[in-house]
Each structure stands twice: as structure tokens, then as C-alpha cells.
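# Structural description and commentary
One-letter residues, chain by chain:
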Amino acid sequence: MNTNPAFESALSLGGVSKRYGATRALDGIDLEVPRGSIFGLVGPNGAGKTTTFAITCGFLRADLGSVRLLGEGPFDPKRHRGRITALPQDAALGRDLTLADLLTYLGQLQGLRRRDIKSEVERILNLVDLTDRADHRTRTLSHGMLRRLGIGQAFLGQPELVLLDEPTNGLDPRQASNIRDFIAAQRGTRTIVISSHNLHELESMCDHVALLDRGKVVVAGPISQVTGRNEEVSIILAAGPAPLAEVRTALPGDTIEWEEGQRILKIRFAHSADRQPEDVIGVALQTLLHNGARISTVSRGQSLERTYLELPGAAARQLPPIPPEAARSAGKNG
Amino acid sequence: MLGPTPLRDTYLVAGFELREMLRSRRAFMVLGLYLAIAAVATYVFVQFLAQLQTVVANPATLMGPPPNARAGTTPTAPEAPAQAAVVTPAAPRQDALYGRRSPFRGMVRNMMSTPELADFLLNLPPISLFYFTTSLLMVPFLIMITASETVAQEHQSRGVRFIALRTGRVEFVLGKVLGQGLLMALVTLCSGGMGMAIAAWKLQDFDFMAALDGTLLFWPRLVAYCVPFLGLAALASMNSSSVVSARVFSLGGLVAMWVGHQFARSYADTPYETLGNFIDHLTPYFYQNDLLYPSYQQVGAAAAALVGLGALYIAVGLIFYRRRDL
């Protein structure tokens, strides 16, 4: 856990462990979530994502380790009320009040001013597209609508840290897209931690990510680093020449790999201020085209999904270690 | 951002609890259940009173022939009022029933710890006394069945997680208990009204205002009596993960309290007396009789003890609840 006061961390977990009987749910998790970031928490079922959320929110007590929220220690309703909100997984909102009454109640408990509550409730209902349902009871809502209401209540007021557990689960594509756009627009204004199985979604929204497996952080850091976006270029060639020797000559010092079956040329390079991925792509393409190769696809790094799928096994250990600056900003292996 | 206070949060949670109960008709279910039981019990009692009125109207069946009649002498001064009450059709039947020489009065005086208490109770309308004594029996069960689910339900649905980020666990529980307390106050008041309505319908010469006075005299005492049971229900509820287990624990707790009270009574004047007394002081049953007394000081002390006992149960529950996983 980072103890440097100059470092702005919205959430900091240090060696957090939790057991349920004989099952070890979390095994010494270390995690740093930078302020203002959109942070994705990825892992298979049972990896410990929901337990991490629950400990962060104070629903569960950690057996070991420390939790610091907004630089002020573990969750305390007196200290963090209204500053930290969450969409818990599988939690039911009150069933017999109207949406407007329920949000008003939550807003009041959160400490919103009475005169601000009405407009705030309207804003939230509009945000999750439930304005026309304001006077309906929550039990009349569909699963997707309840999910949207759950997301909405997490954005009541001006929370500094929002934890969303599977926020778009059960939403139709249009609603999911709206929610993603809204979350992406929050970047820089507040910290959002999202747990999801939808890796394409996380990749499009998040700037940092941590991959959990069996209660441990397997890898964490800026998403560009985790997916190698700034250190790897893949070029798929169409049938025809594959001038690998020329590319190796043009990019001395870089690692060049060729997958014959899929005709993928992978170039791994050291990223620096003087040498951006675009520079590498330019040199590689120029060399390939000059030598008669036909380019099918060019991509940077690998998808989060591919990174995730490769992680738990031996391939996971082939990922490059997280550089010190990334470890400082986004945790390290547990 | 306002600086929310524990009291404000407790009030908000209580208000939400009441509103949700009303919206979900849970409140009406509790009220309906209690009123139905109260109505049946009151109806039976009122029928009994009506029969007594009939019996009282015929002095021969109640007290046998007056002694002076048998002796052929003139009635003496102290006996005159009772006899007059019995034979005068316009006289209140209750007075006749409770007349100085009536066997009922004698029975009550023998049952009560002091003659003053017996006289105080006998001067109250019987329907008010009935309301109070039957409520003392019914209220604990009703509370255990209905109030025990209030916090446990939130655990079962995990709805508590939306609240726990916005207020403390203590405020949450106290708000829930307060909401249930307000509901019980309303329910017990309504059941008193129900009793009076049935009595007014079935009894001759029913003195509505006297019964209202009596009911309002006992109602606050009844509310105080509810508090420890609400506390016990909350203790069970806040430390249960499901509604069913909360009900089982709270009813088990109720039985345990009753057994403790009986233990204390059975082991008086034995080496276990001190232990029995200690246990008895921790049960609401120990303070129950004090609520009948005319002295406000005595009643106030009993009510304070009951409220304190409720607070103790809640505090014990909170010791565990503050540390439990939600």
C-alpha cells in the first residue's frame, strides 16, 4: 500500500484477506486505485471481486490487511457518507415505495439538502431513463429497470468514489451503451471502480484494470500497460511475402515474432517518449509494403479479453512485469 | 451537504419503515391480525359481562337472600347501598357487580397484592382492565411474529447494503425499532377502540367516557410494556440472516424469558432465590404488575425499567451487529 501522502489514491487495499470457513476468498490483495480513474476489476467467478467490493464498502470485515478510502481509513458512514456509493450485487431495493420516494429517502440519508433533493431525483431518473416511472413502485419494475435504478442511486449527489458491481448486467444493448457513455464521461470528475465479466465493455471505459484470480491480484495497472498497447504491435499479413528479415533489420533491438499459421507478426518494443508505438508501426509498415507484403490488419497490444484468457495458466506468467511507475499507481501482484 | 445526525437518521429510517409498511399493507396485516384477536376476545368477555349483568339484576342468584331478610330484620346502614344497587333497575350494573359485599370484589382483593390496588382496579371499567390484561398476554407474541422480521428482511434481500453506505448500523436498527414501536402504539390504541366499540354495542348502560379514560390510562403503560419485546425482537432480527430464523430466535427468546420468570417464582425462598431474582429483573414479566398500580411514581419506575430493558436488549444485539457481515 502506498503511504506517500502526495500520491492521490481513492482506494488503497493492503494485504487484505478474507475467509468464508475453509474457503479463502481473498488472499492478501494489494490494490491502489488512482483518484479520478475508471478502474476495472476483472476475474472469473469466485475470484474475489464481490468480496473486494463488500470489504471496501464495509459490508464485510477483512480478516487481515488494511483498507483506506479517500485517504481516510476504512469505511465509516460518518466520514464517508455521500462520498462513497455503490451498486451492490444481488441487493434488492425497497419494493413498495415509488422510485421517487425511494431515491428521496436515500438522498436524505446521504445528507442532501432538502431543497436539492427533488431536482437531484429528477436528474437521476432522467439519467437512467426512468422518469416516466417515477411514481411507480419499485416492485413493478423489470430486472433491467431495477438495475438502472440501482446504478442511478449510486450517482445521487456528488460521490467521490463509486463502486459498481456488474452494472450493465441484464441491460439491453441501448441502455448498456448509455450507461457506458455516462460512466466514461465521469472520468476525471470522480473515481469509479467497476466489476464486470464484459471485457470489451471494461476496455472501452476503463483506464486502469486489475485482474483477480483465486483471491489474488494477478496483474494490475493502466490498461494500456496490461494489454501491452504501448509495447506491442500486431500486424496480420494476407497471403504473399512475409519479409521478416527486413523488418528485423529495420527495427533492431525489438523482439519480432512470427506466427505462421495465423500470419501474425508481433513486434515488442521498449516504449519511451522518443519512441511511440506510431513510430514503430510506421517503420514496420513501410518495410513490409516496400518488400511486397500485403497488410490485412494492424493492432496495438492485445485485447483485454485475450490478456484475461491467457492469465490464469502458464501464459499469464509470460506477461511483462509491471514497471515500477505502474505498480505505484495501480497495485502489484498479490 | 447537511451534517446528518444520528437522531435525524433514526427518524428518517423510522419514517421509511412506517411508509413502506403502510404501502406494502404489512401494517394493515398486523393491525388486522391484532384487531381480529382483540375483537373475538372482547366479544367473548362482553358476552360474559352481559350475562353477569343479568345475574346481578337478580340478587338471589348472585348473593343469595340478604341476611336481614332471612332474619326478618331491617337492613343495616352499610349493607343498604349494595342492595339498592342491585335492585334498582336504573343503577349501573358495574356498581352492582363490584358492590362492597360482592364475591367478585372479594376475589379480586384476594388476588391483588394490596387492597388499595384491588380497589383502584375495581373502580375502573372492566372493559379497560380486560383490554390491558389481554394486551399484556397478546402483545409479546404479536411483536415477536411481526417485528422480528424487520431487520432480518433487509439482510435476506441485502437491501441493507444500500442503507449501510448512508448511515450507521445503530441508526438503522434504532430507526427500524422506532418504526415498529410507532406501529405497535397505533395497533394497541386501535384495539382499545375496538374493545370499547364492541362493549358499547353489546352492554347496557355502557359508560363510554369512563371506558375511554380507562383505556387511555393503560395505553401508555402498554406501549412501555412493548419496548422490551421490541428490543428482544430487534436483537434476534439484527443477528439473523433470514426472516424465518429471526422469528424462531425471537419466539425462542420469549419462551426463555417466560421460563426464567417462572424459575424465579418457583425458586423463591430457596438457595437459588438470588439467581432467580437476577434473572427475573432481566425479564419484562417482573415489571408487569407494577404497571397496574395507581401511583404514577410506581408506574413511571416500571415503565423506565421496561424501556431500559428494551435498550439493554438492543445494546446487546448491537454489540454483535456492529461486527457482523452484512
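About the criteria used
Numbers given to residues run from 1 along each chain, matching the order in which its sequence is written. Here chains are named by letter from A upward and ligands by number from 1 upward, in the order in which they appear as written. In keeping with the predicted nature of the model, local features appear solely for residues at pLDDT of at least 70, side-chain atom pairs appear and are counted solely at 80 or more, and the whole-chain, interface and lining totals rest on all residues. Secondary structure elements follow DSSP: runs of H or I no shorter than four residues count as helices, runs of E no shorter than two count as strands, and numbering proceeds from the N terminus. Whether a residue is buried, exposed or partly exposed follows from its count of other C-beta atoms within 10 Å of its own C-beta, namely 20 or more, 12 or fewer, or something in between, respectively; the C-beta atoms are built from the backbone. Any residue pair is listed as a contact if its two C-beta atoms, each placed from the backbone, are within 7 Å. For every residue, the pLDDT score states the predictor's confidence, bounded by 0 at the bottom and 100 at the top. Note on pairing: two strands pair once DSSP finds at least 2 bridges between them. All axes are obtained by fitting lines to C-alpha atoms, using only the stretch in contact for helices, and the reported angles, taken between N-to-C directions, cover 0 to 180 degrees. Here is how to tell: hold the view so the strands point away, follow the path from the first strand over the helix to the second, and if it runs clockwise the crossover is right-handed. One fewer than the residue count of a helix, multiplied by 1.5 Å, yields its expected span.

## A short note on the overall build of chain A
- On a plain count of helices and strands, chain A comes out with 12 helices and 13 strands.
- Within chain A, the fraction of its 334 residues that count as buried is 43%.

## Let's talk about the overall build of chain B
- Looking only at helices and strands, chain B has 17 helices and zero strands in total.
- Split into buried and exposed, the 326 residues of chain B put 41% on the buried side.
- Across chain B, contacts joining residues at least 24 apart in sequence account for 74% of those joining residues at least 6 apart.

## Points about the confidence of the model for chain A
Residue and element names in this part refer to chain A.
- Predicted confidence across chain A gives a mean pLDDT of 85, with 91% of residues reaching 70 or more.
- Scored below 50 in pLDDT, residues 1-6 shows nine contacts in the model against residues more than four places distant or in partner chains.
- Low pLDDT, under 50, characterises residues 314-334; the predicted model gives this stretch 42 contacts beyond four residues in sequence or across chains.

## Considering the sheet that holds strand E13 (residues 295-300) of chain A
All names here are of chain A.
- Taken together, four strands build an open sheet; the order of strands is E11-E12-E10-E13 and the sheet is antiparallel. Whereas interior strands pair on both sides, the edge strands pair on one side only; in this sheet they are strand E11 (255-259) and E13. Neighbouring strand axes in the sheet, compared pairwise and without regard to direction, differ in orientation by 15° on average.
- Where E11 meets strand E12 (residues 264-268), five bridges bridge the pair, whose relative direction is antiparallel. Within E12, the position partnered with Thr255 by the bridge is Arg268.
- Packing against the sheet, helix H10 (residues 277-290) makes contact with strand E10 (232-237), E12 and E13, and its axis sits at approximately 25° to E10.

## Overview of the pairing of strand E6 (residues 161-165) of chain A
Residues and elements named next belong to chain A.
- Taking burial as the measure, the five residues of E6 include five buried ones, the bulk of the element.
- Judged by which residues are buried, E6 turns out to be covered on both faces: Leu161, Leu163 and Asp165 on one side and Val162 and Leu164 on the other are all buried.
- Examined bridge by bridge, strand E5 (residues 84-87) and E6 share four bridges and lie parallel to one another. Within E6, the residue paired with Ala86 across the bridge is Leu163.
- Summarising the sheet, E6 and strand E7 (residues 191-195) pair through five bridges and their orientation is parallel. The residue bridging Leu163 from the neighbouring strand is Val193, located in E7.
- Traced from E6 through helix H6 (residues 173-185) to E7, the parallel crossover comes out right-handed.

## So, the interface of chain B and chain A
- Counting residues at the interface gives 24 residues for chain B, matched by 28 residues for chain A.
- At the level of elements, helix H1 (6-23) and helix H11 (160-164) of chain B are the ones that each hand at least two residues to the side of chain B that touches chain A.
- Examining the composition of the side of chain B that touches chain A, we find that six residues originate from one element, H1(B), more than from any other.

## Regarding unusual backbone geometry
- Phi is positive for A:Arg263, close to 55°, though the residue is something other than glycine.
- Positionally, A:Arg263 belongs in the loop between E11 and E12.
- Although it is not a glycine, B:Arg158 adopts a positive phi angle of roughly 65°.
- In this fold, B:Arg158 is placed in the loop between helix H10 (149-157) and H11.

## Quick look at helix H5 (residues 143-154) of chain A
All names here are of chain A.
- The end-to-end C-alpha distance of H5 is 17 Å, a good match for the 16 Å that 12 residues give at a rise of 1.5 Å each.
- A large share of H5 lies buried, amounting to nine of its 12 residues.
- By the burial criterion, the buried members of H5 are Met145, Arg147, Arg148, Leu149, Gly150, Ile151, Gly152, Gln153 and Ala154.

## So, the confidence of the model for chain B
Residues and elements named next belong to chain B.
- In the predicted model, chain B carries a mean pLDDT of 81, and the fraction of residues at 70 or more is 83%.
- Taken element by element, chain B is modelled with least confidence in helix H5 (residues 80-87), mean pLDDT 38, and with most confidence in helix H17 (residues 296-321), mean pLDDT 94.
- Overall, residues 61-96 carries pLDDT values under 50, and its contacts beyond four positions in sequence, including any with other chains, amount to 34 contacts.
- Interface scoring of the predicted complex returns ipTM 0.79; its pTM is 0.79.

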